[in-house]
Amino acid sequence: MVKIHMMKAQEGDFIWLSYGDMEKEYHLLIDGGVKDCRERYADVVRSISAKGESIEAIILTHIDCDHIAGACEGIAKVDAGILQRTVKKIIFNASKKIHKEILVSKNSGEYGVKEGIEFCKILKEKGIYDRIVERTIAGEIINLENGALLKVISPGEKQLEQLLDKWESYEKKQLSVGYSPNLEKVKQNLADLMRDKSGIDSSVNNASSIALLFEYQNIKGAFLGDAKPSICMEGMKEFDIKDVYPVDFVKLSHHGSIANTNLKLLKKLPTVNYLLSTNGHEKKVPSKVVIAKLLRNCQEENKPKIVLYCNYDWWESQYHNKYFTQKDRQLYIDTGVLKINLLGGEGTSVKDGLILYGK
């Protein structure tokens, strides 16, 4: 059994994955959302410990605040003894050489450097700093208890070096890429957006994001963090995945940003189930072009439908139910070709042995 909790993390990511059976479960925490997630993060760690179970890995995909801040402040609230008993590994590309060379930058916190520094300090104070896995890069396999494993498909060595070499200039000059408001695109029909270009994400942080393939028994899935599609495809070559790698779900990269999903990657990871973590704050994401690409791939691969599993009703709360045009509804929503599933605490079964929750 695999349970995936898409925790409410505002515009960020906070995913709690459990696998195992009725007798014992094992856990992964992937990112931790924004600062407001700190209490929820601490509660999750305590609840796992109270059952006498283990967190096989705390995974922080990269140092953007909407991924790291909640974990940083949440761990600070948990007793050191609980953490030492419960946490086995910490997968975080900001230790030792990277920690020394990048995280010395004085930053306002927008891109998470301050949180990265603080996170490492907290791990030392809690006595679990030595559990950081050094330099997690594409091609590595992380073996977990009870036969589960993680295949790392991003970042590559080059992307970590760029994070080392270019942070200072990036910090001063970098503007948000592919994360602009969707208002103009929202007015268009999905059918008319299928041929739009996906865009390019030039963010050094996102290029260094950890992306993973998860395997347990008959369940396979992809957690893409904020990674770039080209880097993920290169990383899949490290596992000799030359054609396709069918999965039961894909957690879409960068909250559905136009610059982080393309058709080539969708075809490499065939599925009908897509996880989307965002509240759509200020109408930034999800990009309607991304949803159009999902539908185009659905048509080209002769799939009957696609399902978006969301932890917020962003299409209503941010767009007052005007995100989809009348034509969108007639062609895709009313016909069941596009289904949007708002996850709740009761759980939604994707297939036998795979349940999704939204909390």
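Look up: the structure comes first, before these words.
Let us look at the structure shown here. Note that this is a predicted model, so its numbers are computed, not measured. (Residues numbered from 1 in each chain as written. Predicted model: local features only at pLDDT ≥ 70, side-chain atom pairs only at ≥ 80, totals over all residues. Heavy atoms only, no water.)

### Some points on the sheet that holds strand E2 (residues 15-20)
The eight strands lie next to each other as E6-E5-E4-E3-E2-E1-E16-E15, forming an open sheet whose pairing is mixed. If you trace the sheet from one side to the other, it starts and ends with strand E6 (132-133) and strand E15 (348-351), each paired once. In this structure, E15 lies alongside strand E16 (residues 354-358), joined through three bridges in antiparallel fashion. Across the sheet, Thr348 pairs through a bridge with Leu356, a residue of E16. (Pairing = 2+ DSSP bridges. Helix = DSSP H or I, 4+ residues; strand = E, 2+ residues; numbered from the N terminus.)

### Quick look at the sheet that holds strand E10 (residues 219-223)
The mixed open sheet is built from eight strands, whose spatial order is E7-E8-E9-E10-E11-E12-E13-E14. Looking along the sheet, the strands with just one partner apiece sit at the ends: strand E7 (141-143) and strand E14 (338-342). Between one strand axis and the next, the sheet turns through 20° on average, direction left out of account. Note: strand E8 (residues 149-154) against strand E9 (residues 211-216), five bridges, orientation antiparallel. (Axes fitted to C-alpha atoms, helices over the stretch in contact; angles between N-to-C directions.)

### Notes on unusual backbone geometry
Cis peptide bonds are those with omega within 30 degrees of zero, and the linkage from Ser154 to Pro155 qualifies with 0°. Residue Pro286 is reached from Val285 by a cis peptide bond, and omega for that bond is 5°. Inspection of the secondary structure puts Pro286 in the loop between strand E12 (273-276) and helix H12 (288-300). A positive phi angle is found at Asn146, which is not glycine, with a value near 65°. By relative accessible area, Asn146 is classed as partly exposed at 41%. Within the chain, His254 stands out as a residue other than glycine whose phi angle is a positive 55°. On the basis of relative accessibility, which here comes to 7%, the residue His254 falls in the buried class. (Buried < 20%, exposed > 50% of the residue type's maximum accessible area, 1.4 Å probe, protein only.)

### Description of the packing of aromatic side chains
The full count for this structure, using the stated rule, is ten aromatic pairs. A centroid spacing of 5.1 Å and a plane angle of 85° characterise the contact between Phe92 and Phe119, whose relative ring orientation is edge-to-face. Residue Phe92 is located in strand E5 (residues 90-92), and its partner Phe119 is located in helix H5 (residues 113-126); the two are separated by 27 residues in the primary sequence. In this structure, Phe92 and Phe119 share a single accessibility class: buried. Chaining the aromatic ring pairs together yields one cluster made of Trp314, Trp315, Tyr319, Tyr323 and Phe324. The ring of Tyr319 carries Lys283 above its face, with NZ or CZ at 5.9 Å from the centroid. The ring of Tyr323 has Lys288 sitting right over it, with the charged end atom 5.8 Å from the ring centre. (Phe/Tyr/Trp six-rings, centres within 6.5 Å; stacked < 30°, edge-to-face > 60°. Lys NZ or Arg CZ within 6 Å of the ring centre and 35° of its normal.)

### Focus on the pattern of salt bridges
Per the stated rule, a full pass over the model turns up 22 salt bridges. Salt-bridge contacts for Asp196 lead to Lys185; the nearest nitrogen and oxygen are separated by 2.7 Å. Here Asp196, found in the loop between helix H8 (190-193) and helix H9 (204-207), pairs with Lys185, found in helix H7 (residues 183-186); they are eleven residues apart in sequence, far enough to count as distant. With a relative accessible area of 19%, Asp196 lands in the buried category. On the accessibility criterion, Lys185 (27% relative accessible area) is partly exposed. For Asp240, the salt bridge goes to Lys242, with nearest N and O atoms at 3.5 Å. (Salt bridge = Lys/Arg side-chain N within 4 Å of Asp/Glu carboxyl O.)

### Overview of empty space enclosed by the protein
Inspection of every chain in the model, using the stated rule, returns two cavities of 30 Å³ or more. There is about 50 Å³ of room inside the second largest cavity. Around the second largest cavity, the lining residues are Leu224, Val250, Leu252, Ser253, Asn260, Thr261, Leu265, Leu266, Leu269 and Tyr274. Taken together, the residues of the lining of the second largest cavity sort by class into seven nonpolar, three polar and no charged. (1 Å grid on protein atoms, 1.4 Å probe; cavity = no way out; pocket = protein on both sides within 12 Å on 5 of 7 lines; lining within 4 Å. Points joined across faces, edges and corners; volume = space filled by probe spheres on them. Nonpolar A, V, L, I, M, F, W, Y, C, P; charged D, E, K, R; others polar.)

Note that every value here comes from positions in space, so none of it alone points to a role or purpose.
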